[in-house]
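Structure assessment
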Amino acid sequence: MRRSKALSRHIPNSVVYWGMNQNAEIVRQLLALLTNTTTTTTDAGSRYVVVRGSASGVHAGYLVSQEGQTVRLTQSRRLWRWQVPVGAPSFLSGVAMHGIDHEGSHVGTLVDITLTDACEIIDASSVARSTIETAPEVERSRA
């Protein structure tokens, strides 16, 4: 953010950055309201999240704990292959907000898992949770 010299003399950087962070939080909250996306939790308060592991792949489930790159999920499913619904952004954030298209996705069985290589944790919307939880389990097709 560029500031004039006159402004720089009177307002310290910490105030400018604080204002930028406040604006980012306000924008995030407004986007959540406008898109009607709410994160889902269990009665215990666990958040339903989509996690990308650098080697373990993509998993979705209820967050039990996180310490550094180690993440524990319960009622988790591996998203071996995923495709977002038509019109949704084709990124993992699109999966977290809009869910998956069952036809183009391969989803694993329900497990409790500890991932030791998490590099991305995204809160999932109730729509995403529903489409992931109701996705058919991939079955082996060859002998």
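This part covers the packing of aromatic side chains. Applying the stated criterion across every chain, the model contains 1 aromatic pair. On the basis of an interplanar angle of 75° and a centroid distance of 4.9 Å, the ring pair of Tyr 48 and Tyr 62 is categorised as edge-to-face. Placement of Tyr 48 in strand E1 (residues 48-53) and of Tyr 62 in strand E2 (residues 57-67) is noted, with a sequence separation of 14 residues between them.

This brings us to the environment of Gly 57. Relative to the helices and strands, Gly 57 resides in strand E2. Overall, Gly 57 belongs to the partly exposed group, its relative accessible area being 25%. Taking the C-alpha atoms as reference points, Gly 57 and Asp 117, 60 residues apart in sequence, are found 9.2 Å from one another. Not counting residues up to four positions away in its chain, the partners in contact with Gly 57 are Val 51 and Arg 52.

This next bit is on the nonpolar core. Counting 18 residues, the largest nonpolar core has Val 50, Leu 79, Val 95 and Ile 132 as the members making the most contacts within it. Of all the secondary-structure elements, those providing two or more residues to this core are E1, E2, helix H3 (92-98) and helix H4 (126-133). The contact partners of Val 50, leaving out residues within four places of it in the chain, are Val 58, His 59, Ala 60, Leu 92, Ala 96, Glu 120, Ile 121, Ile 122, Ala 124 and Ile 132. Counting 8 residues, the second largest nonpolar core, distinct from the first, contains Val 49, Leu 63, Val 71 and Leu 73.

Rules behind the numbers
Residues numbered from 1 in each chain as written. Predicted model: local features only at pLDDT ≥ 70, side-chain atom pairs only at ≥ 80, totals over all residues. Heavy atoms only, no water. Phe/Tyr/Trp six-rings, centres within 6.5 Å; stacked < 30°, edge-to-face > 60°. Helix = DSSP H or I, 4+ residues; strand = E, 2+ residues; numbered from the N terminus. Buried < 20%, exposed > 50% of the residue type's maximum accessible area, 1.4 Å probe, protein only. Contact = heavy atoms within 4.5 Å. Core = buried A, V, L, I, M, F, W, Y, C linked by side-chain atoms within 4.5 Å.

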